Every structure is written in C-alpha cells, then in structure tokens.
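Given next are the chains, with one letter for each unit.
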Amino acid sequence: MPSYDHKTIEAKWQSRWEKRRAVEIDLSSSQNKYYMLMMFPYPSGDRLHVGHGRNYILGDALYRFLRMRGKRPLNPMGWDSFGLPAENAAIARSVHPRDWTLNNISVMKEQFKRWGILYDWSKEVTSCQPDYYRWNQWLFLRMYEKGLAYKKRAPVNWCPSCQTVLANEQVVEGRCERCRTEVIQKDLEQWFWKITDYADRLLAGLDDLDGWPERVKTMQRNWIGRSEGAELDFRIPSIEETLTVFTTRPDTVHGATFMVLAPEHPWVERLLGNGERDQEILAWIERVRNTPRLEREGEGVVKEGRDTGAVAVNPATGEEIPIWLANYVLPDYGTGSIMAVPAHDARDLAFARQEGLAVRLVYHPEGDEIDADSLEEPILDRGEIRNAAPFDGLSAGAETVGRFIAWAEEQGFGRARVTYRLRDWLISRQRYWGTPIPVVYCDKCGIVTVPEDQLPVELPYDVEFTGKQGNPLSRSQEFVTAACPNCGGEARRETDTMDTFVDSSWYFLRYLSAKDDSQMFSAATAESWMPIDQYIGGIEHAILHLLYARFVTRVLHDFGMVDVEEPFTNLFNQGMITRYAEASGRVEKMSKSRGNTVSPDQLIEDMGADTERVYTLFLGPPEDEVEWNDDAVYGAHRFLNRIVRLQERLSETPPTGTDDDELDRTVHRTVERVTRDLEKFKFNTAIAALMELMNALSKAVEDRSTSRLVCDQAFDTLLKLLHPMAPHLTEEFWERRGHPDSLLDVDWPDFDPEKLVSETVNLAVQVDGRLRDTIVVPSKADEPLVRSLALASDKVSRNLDGRSISRMIFVPGRLVNFVTGKSA
RNA sequence: GCGAAAGUGGCGGAAUGGUAGACGCGCUAGACUUAGGAUCUAGUCCCGACAUCGGGGUGGGGGUUCGAAUCCCCCCUUUCGCACCA
C-alpha cells in the first residue's frame, strides 16, 4: 500500500475549516484571551518556499495547541503591502503596483490555505488600502500637533539604487538594508518623527521585557546607546560664541589641549575668517561630506583634519587651545564637537600625534613618571590626578566624574547631561507606493496639514512609472495641485510618502478594529486584548520594526488611546531554514536569489501539507537555524503512513490484555512530554515523543497482548496530541473513528501523574562513577533494599573486587553509586 | 578590537548535574512483495579480529564533584551583533 490519500483528505478539511469559519473570534469578550501574532508579511511576487513556511507552520501549531488547551487565541493575518518591489515591478513589467500587490496577496492566501494554516480573516488588514493608511495619516497629524513630527534640513542617508532616503536603522554597515547598495549622504529637507524624546523610556522598558530574547534587548540597548556625562562650555573669543561639547570624561578637562569640530559644523565658515588656506579647507570639507558613510566611519579609516586657526578657552585652565576640524568627529552625535584629551582618549591621542598637537596628563600612573610626549597608549582608568587642584590625588571613576560635574556647575561652565546614540526617525520616502504625507505647502501659509475630515489623502492610481529619477507622484499634476486648507489659495501637495515601517508600527492595534472606519482602533477593545501575548517573527527586525512599534505604542499610550506601553509581552524569533546551494557550493539561507529553495507546492502535491508540517517542525529547535534535507522529509511521511496503517489494524486487538498498564503508562508519559514540549515551542522533541508512542502502540497491536480498549484510547490520544502538527490527517481519522466534534474543539488530554510511575524501574549501578550494571528494582524500593539488590549483581561485585565501600550515593529511580575507599 | 551564542555519531538532533547519542535521515544484513519514493525485522559512536567482557569518547587543556555534554577557568573554531558615538 503506497501513501494515504492526502490530497482528498487535505482539501476536505481545508474547506470545512473555512466554511465553518472555525477561527473567527468575537472580540467583545476577552475571557481566556490570548493574542498571538505572526509578523505580517510583505506580499512579494515570489511564491512562498518551505523556508517561509517554518514561521507560519509554527504559529498555526501553536494556535491549535492553545485552542485545545482552552484558550481563546486571536490569530489574525494581514499584509505589509506598501513598498518598493511593487513599484519596481511596475517599471519592469508595466503592471500597476496596486494590481500587482493585490494579486500577490491572493496567491499567498491560497498558499496559507494549502498549508492548513488558519487565520481569522475577518480581521484582515492590508496596509496599502486607504482604509488602513488613512490612519497613518491621522497619526501623523496627531504627532505633528504634539511636536513629534517635524521637518528639517539635515544630512541624510540616500540610497542611489532605491532612489530614496533611509532612516538610520535602515542602513546596515553603510549599506541599504534592502538592496545592499552603498548609501551616500545628502542634505535634504525631510520629515522626522521624534523617537529621541522616547529614548529613555524605550531603554528602561526593556528591563521589564522578561519574555524577550536577551540578544534582542541587547541590540536595542546598544542602538539607543545611552551615555552619561556632562556638557562643558568653551568660549571662542574671535566669534564671541560659546562652544558646548559633550563628554563622558569631564574629569579630564584639564587635559583638553585642543577642540575638534565635525567638518559639517555650522560655525566652520565663521571660524575660518579669511585665511589663505581657507579655500583648501573648504574643498577638503566638501570631500569629507561626500565620503560615503562606510568609508568615513568604517574600521581603520585614516583620520584627517585641518586647523581652523581659531582658538577656544579651556574653562578649567584658562588656556587658549586650537580649534581643529576632523573627520572622526560626527556631525550628528552630541553637539558635533568635542574637547580633545589626547592623554586619556585613544582617538584624540592618535590625532594629536599625527598633527603634532600637545598632550597633557591629568591622571598620572602611581610610581613611575610618564612623559606626556612619549605616551603611546592613552591612560584610561588608572593613575591619580595631579596639577589640577583641588582634585589632586583622586583616581578615575564615577565619583570623581561627579565631583567635576558639580564643580563645573558651580563655576557655570558645565552641567550633567545624558546623550543617546539614537537619532530621530526619518519617515519621508521619495517613492510612490506608500502613504502620502498629509501636508500641503502654501506660499502664503507655509506648511499646512490636511484637515482630519479630508483624510485619506489617496494615492492617485493613474501615474506614470518610467523608472526615471524622482517620485512619480511629483509628476502627477492632479495630485500635486491642491487648495490650501487654510487660505484656499493654490498650494502644492507633499509628494514624499511614509516609510513602510510606519505601517507596521501599529497594525496589531488595527486587527482589533479592522473594519472600523470611524477611528484608528477602539480603545476599549485594545484595553481588553492588548498586549500581544506572543509575537513571532524573524530576528532581522530586532531593531527596526520592533523599536518603531514600541515607540508608536508609547506615543499612542501618551495620547490616551491604549493603556499598555509595551506591545509585545513575549517575543519568539524563529531560526531560518538553510539548504545547500549549487551556485555557491555552500549551505546558505534558503532564498530565491541563491537558487536553493524547495517549493511547498510540489511537496504538498506529492506527500501532503501534513508531511511538510511535521517535517518542518521536526527539523530541530525552532529558534535554531536548521538545514533542510530532501531525503529526511520521507521520514515524516513514513511516520504519517504508519499511523494510517496502524489505524487499520486496531480491530485485530483482543478484548483483554496483560500489557494494558504498560501502554497506558506510555500514553500518560507521552501526554506529559508533549504538553511540556509544546509549552516551550519544542515541537521537535514533541514529535519524537509521538513517534515513540506510535512505535509502542504498533508493537502492542503486533503482540496482541494489549486490549482493544487501551489501544483505542492510545490511538485517540495520539490523534489529539498530533493535531497541532498534522491537522488534516488527525481530523480525518478522528472523524472516521466516530467522534462528532472537530479536533479544534476537543480538549487537550490530561495526564495522571500516578500513572507515570511503573512498578519497577531500571536502576544504573555505578562503582566509583563508572557504570557497571543496570538492575531492575521496585520503584518504591528504599536505600537498604537497593543496596542489597545492587550488591547482588555479579558485575558489581566483580568490579568492587573486595574493596571497602566508603559511601553509597542513591538517586531514587535513577542510580546508585558505590564509592570505594581509596587504599592509597 | 568589544559583546553574545554555539561546538555531541556519516547527517539533523536528544539529554541542562545522575545509564551520552532519544527520535529521525542515511547505511548494513535478512524477510516479503503484481516493484513502491514500498513495507517489515535486526543491526549501526570508536578501539580491542569476536564478545553478554574491557577500554576510550560530547572542539582542546585544566578544575569543582561520588558523578560533568551540562558548572568554573584558559585556549581554539564558527555564527551573530556592535565597532572613531566623544
């Protein structure tokens, strides 16, 4: 007999689940609520491969498990459907982004269905539809009102290939996160969201996220990059200004022998005056500004600088020190300028040596005299202060830093300050396929936001996709021309659209009110259903999406719209699936571009979705990266086929049996194992346990020494426990065995702890920690009995070899260990 | 360079202080068969020609412990994150 008829069975159950809308949930009650969420996908034109399947299969198995355990899980799905590929498809294939996207969505939906994956489609959310993105616009208006959205001219990241600006989070190692093209800097006027206002709260909130992987929290902490220190003021007599710098080491201010400004610093031209070298310096600045980020900030980049000729006054010593410009000072961190303390900072020391600038020690190592001119390594955290009364004798540390800050405050040239590495979120994009920013520009009134009752500002369908420079929106006269909402005069519409990460920063709230066209979401429903109990998605969003979503949730919290501050209580990052790629000769992430994908369509055709599901979950721990093995898939298929054959032979079992207890015990033990494993997402070991149960039941049927009743019960339990992994097959056999309800509505089995214990146990017997024998003892046997039974073993006595026993370790149910007296 | 995680048979992996290698893939031998991507049975960490006996074994070295894949220290390798952030 070949394989079972998976095609008929799977089609039958998929259509049944769909018809009875088995997963639709009424949000008006939040009793036993469990909000689970898979990161919503981008509907790319490529069909999903089995690597994508891991994420969705995992989620579906979790859904079914939770439901059988009495939870009411909300399991929605939607589409992160704005984005560049749609626009690129339009250019390459003359298909409108909207049509292309909507078609992709229907293809993906069909793929989900064929995997047996159930979502509550009544709450479907599609971010490229006006009924969704109008609330992006609404949110923008609220943020603008509160000063959280603002426009400024700034040096920004520009991806020449995507033809748009990018947020800092979307630049990875100097390259575009999407297309890997090297990013360049441009000065542009752009819209930002003020995430920096939330830096401290976003950082502090991480401490309470116990359900998040440590590494994700670490990445977010590093990204936010809090650093404590002080700002200090340095007077610049020539231009009558005070230059404020940020430093974490105000205690080294006496050693500041020069200042360094970023070449972009706004005062540069004033500082230069009219010197002869100025033309050369300006040209140099231009060159630095145009250097790609990667070359400017990467490892081993050569430090370059120029002397402005101007001087500043060190507030601690009263000395005049030169002001330099250098490429190692970044324009957008701190104040874009530093006090350079070469004796106590590696970068400043390298620069001072290169340019022949003075080095002065503040901290002197105890004992040996060090000559500042021959210092090779900066002194970072040792030594004691000299020649800086009244601080002489202090050693480096937080306390000393505090005393310096207090002193600077007293003297009026400094104050405590905390700085973050996090920058504001640049949300403008020069692309068509995104949410239009609801703003118009009026010659008379300036920036005017579109009134709420005029939302949504809809994307015009009828635009030209030429692939030429510039956003197609800006060439649409119909779109650009607008009446000023303020004065009614002629105005121009903003043609930039929003970063698609805006869409994904709050979609989980929209699921709760997907059809509500009167508000962004219902505060009451959000109160009862938020936070999300379990969020599942890839690690690639560790910073990007997860940071933005935390930010926007806090903003909405501050607007009084949602009570929680953290949207995701538990976060699970599934690992990716890899496979050997011919092209590279290596095992790599499964992807279309690497040519190492496996299509679920063919696999499902041949062996069924249940086989793919079981195999995918069996591959390894879901958080790990695992390698797809084409041959091993048959193992999962074989397992399911054995269950089918087993079912056919159940009727051969006798009415009574002598081994009933043994099988019954295995069943209870399996329930315990599978339940515990699924609670921890350990689907791989849960399936292994089910294979063991199947093997045991198979043997019981074969031996005919176990009763029909117990075998039947074992089989039913196997079906229930396997249902989350192989839903179609289990539903089919559950029905064939005469059970009226769908397994979705059947309770998860319980186990009886008393039935886990057998009459006897195998006990390992060790001598000096080495295994010498295993013996069978009554499970309730006490120490003296075990001792005598163990000593009765030939192997044990042979290995004791007459030596005296100085100690016996007894671990009930596991082992005994005889420790012999050391004769030596 | 800094930080984190990981390293177990031919392969994916199991075991988080107590019988290392569960479960599966692959492989070997046999059975059965209108032959299928069959199925069933047995075996499968290494060495001692065989073994129910013995030794070794979880990247390497050391330590703690009656007992270590598991805990601690040093080293090696791989992967990931950060990397002129003042």
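Only a predicted model underlies this, so the values are computations on that prediction, with no experimental measurement involved.

> Can you tell me about the protein's contact with RNA strand B, naming the residues and giving the values?
Residues in contact with RNA strand B amount to 54 residues; listed here are only the nearest, Lys303, Tyr333, Arg347, Tyr634 and Lys795. Among the atoms of RNA strand B lying within 4 Å of the protein, the sugar-phosphate backbone contributes 62%. Residue Asn817 places a side-chain N or O atom 2.6 Å away from a base oxygen belonging to RNA strand B. Per-element accounting of the surface near RNA strand B gives the leading share, six residues, to helix H22 (residues 683–703). When its residues are assigned to classes, the surface near RNA strand B shows 21 nonpolar, 13 polar and 20 charged.

> Give a description of the domain arrangement of chain A that names residues and reports values.
Domain annotation for chain A reports domain 1 (14–128 + 513–577), domain 2 (136–194 + 426–500), domain 3 (227–419), domain 4 (592–755) and domain 5 (759–820). Computed from C-alpha atoms alone, the centre-to-centre distance between domain 1 and domain 4 is 28 Å. At the junction of the two partners, domain 1 supplies 35 residues and domain 4 supplies 41 residues. Taken together, both faces of the contact between domain 1 and domain 4 bury some 3400 Å²; the carbon and sulfur share is 63%. The largest per-residue losses of area from domain 1 upon contact with domain 4 belong to Val50, Phe65 and Met68, which jointly make up 22% of the total buried on that side. In this assembly, domain 1 and domain 4 are joined by seven salt bridges. Lys592 is paired through a salt bridge with Asp46; the nearest N and O atoms lie 3.0 Å apart.

> Which residues make up the pairing of strand E26 (residues 534–537), and what values go with them?
The alternating pattern of E26 places Gln534 and Ile536 on one face and Tyr535 and Gly537 on the opposite face, and all of these are buried. Note that strand E1 (residues 33–38) and E26 share three bridges and pair parallel. If you follow Leu37 over to E26, its bridge partner there is Tyr535. Across three bridges, the pairing between E26 and strand E27 (residues 571–573) is parallel. Within the sheet, the bridge partner assigned to Ile536 lies in E27 and is Phe572. Chirality of the crossover, the property in question, places the unit of E26, helix H17 (residues 544–558) and E27 among those that are right-handed.

> Mind laying out the sheet that holds strand E5 (residues 149–159), listing which residues take part and the relevant values?
Reading across the sheet, the four strands line up as E6-E5-E9-E19 and stay open at both edges, with antiparallel pairing between neighbours. With one partner strand each, in any of the chains shown, strand E6 (164–166) and strand E19 (425–426) form the two edges of the open sheet. In this sheet, E19 lies alongside strand E9 (residues 184–193) in antiparallel orientation, the contact comprising two bridges. The residue bridging Phe192 from the neighbouring strand is Leu426, located in E19.

> Tell me what's going on with the nonpolar core, and back it up with residues and numbers.
Core analysis: the biggest nonpolar cluster contains 101 residues, and Trp193 and Trp425 have the highest contact counts within it. Per-element tally for this core: the top contributor is H17, with nine residues. Structurally, this core is a two-domain feature, drawing no fewer than three residues from each of domain 1 (14–128 + 513–577) and domain 2 (136–194 + 426–500). Leave out the neighbours within four places in its chain, and Trp193 touches Leu139, Phe140, Met143, Leu148, Ala149, Asp424, Trp425, Ile427, Val502, Phe551 and Val552. One finds Met108, Ile577, Ile643 and Ile687 within the second-largest nonpolar core, a separate group that totals 86 residues.

> So, unusual backbone geometry: which residues are in play, and what are the values?
Here the residue pair Leu455 and Pro456 is connected by a cis peptide bond, since its omega of -5° sits within 30 degrees of zero. You can see Pro456 is positioned in the loop between strand E22 (446–449) and helix H13 (477–480). Of note, the bond from Met530 into Pro531 is cis; its omega dihedral lies within 30 degrees of zero at 0°. The topology assignment puts Pro531 in the loop between helix H16 (523–529) and E26. Residues other than glycine seldom take positive phi values, yet Asp768 does so here, at roughly 55°. Residue position: Asp768 is located in the loop between strand E31 (760–767) and strand E32 (770–778). On the accessibility criterion, Asp768 (32% relative accessible area) is partly exposed.

> Explain the packing of H22 against helix H23 (residues 708–722) to me, and be specific about the residues and the numbers.
Between H22 and H23, the least distance of the axes is 11 Å, while the angle of their chain directions is 160°. Here H23 runs roughly antiparallel to H22, going by the angle between their axes. The hand of the H22/H23 crossing is left-handed. Only Cys711, Ala714, Phe715, Leu718, Leu721 and Leu722 of H23 make contact with H22, whose side of the interface consists of Leu690, Leu693, Met694, Leu697, Ala700 and Val701. The class makeup of the residues in the contact of H22 with H23 is twelve nonpolar, no polar and no charged.

> Quick rundown of the pattern of salt bridges? Include the residues and the values.
For the coordinates displayed, the defined rule picks out 56 salt bridges. Between Arg417 and Glu231 there is a salt bridge whose closest N-O contact spans 2.9 Å. With Arg417 in strand E18 (residues 414–419) and Glu231 in strand E10 (residues 227–236), this pair connects stretches of sequence that are 186 residues apart. A salt bridge links Glu702 to Arg649, with the nearest nitrogen and oxygen atoms 3.0 Å apart. On the criterion of sequence distance, the pair formed by Glu702 in helix H22 and Arg649 in helix H20 (residues 633–649) is long-range, its members being 53 residues apart. The exposure class assigned to Arg649 is partly exposed, which follows from its relative accessible area of 30%. Among the charged side chains, a salt-bridge network with shared partners connects Arg201, Arg550, Arg554, Asp558, Glu565 and Glu566.

> Please give an account of H17 that cites residues and values.
Relative to the 21 Å expected for 15 residues at 1.5 Å per residue, H17 spans 21 Å between its end C-alpha atoms, a close match to the ideal helical length. In terms of burial, H17 is a largely internal element, 13 of the 15 residues being buried. Positive phi shows up at Gly560, right after H17, with a value of about 80°.

Rules used throughout
Along each chain, residue indices are assigned from 1 in the same order as the chain's sequence is written. In the order they appear in the text, chains get letters beginning with A and ligands get numbers beginning with 1. Where local features are concerned, this predicted model is filtered to residues with pLDDT of at least 70; where side-chain atom pairs are given and counted, the filter is 80 or more; whole-chain, interface and lining totals use all residues. Here the side-chain values reflect all heavy atoms present in the structure, with hydrogen atoms and water set aside. Any residue with a heavy atom positioned within 4 Å of a molecule or strand is treated as near that molecule or strand. Polar contacts here mean pairs of N or O atoms no more than 3.5 Å apart (in protein, one a potential hydrogen donor and the other a potential acceptor; neighbouring residues in sequence count only if both atoms are side-chain atoms). Each helix is a run of DSSP H or I of at least 4 residues and each strand a run of E of at least 2, with the numbering of both proceeding from the N terminus. In this count, Pro and Cys sit with the nonpolar residues alongside Ala, Val, Leu, Ile, Met, Phe, Trp and Tyr, while Asp, Glu, Lys and Arg are called charged and the others, Gly among them, polar. Here the bounds of each domain stem from an automatic or database domain assignment. We call two residues contacting when some pair of their heavy atoms lies within 4.5 Å. By convention, the term buried area covers the 1.4 Å-probe accessible surface removed from two parts as they join, with the contributions of both added. Salt bridge, as applied in this entry: a Lys or Arg side-chain nitrogen positioned within 4 Å of an Asp or Glu carboxyl oxygen. Buried residues are those whose accessible area, probed at 1.4 Å on protein chains only, stays under 20% of the maximum for their type, while exposed residues exceed 50% and partly exposed ones sit between those limits. Two strands pair if DSSP finds at least two bridges between them. When the strands point away from the viewer, a crossover counts as right-handed if the route from the first strand across the helix to the second turns clockwise. Note on terminology: a nonpolar core comprises buried Ala, Val, Leu, Ile, Met, Phe, Trp, Tyr and Cys residues joined through side-chain atoms within 4.5 Å. Inter-axis angles, ranging from 0 to 180 degrees, are taken between N-to-C directions of lines fitted to C-alpha atoms, where helices are fitted over the stretch in contact. Our angle categories are set so that under 35 degrees counts as roughly parallel, over 145 as roughly antiparallel, 65 to 115 as roughly perpendicular, and the remainder as oblique. When the near helix sits turned anticlockwise from the far one by under a right angle, the crossing is termed left-handed; a clockwise turn instead gives a right-handed crossing. A helix is expected to span 1.5 Å for every residue after the first.

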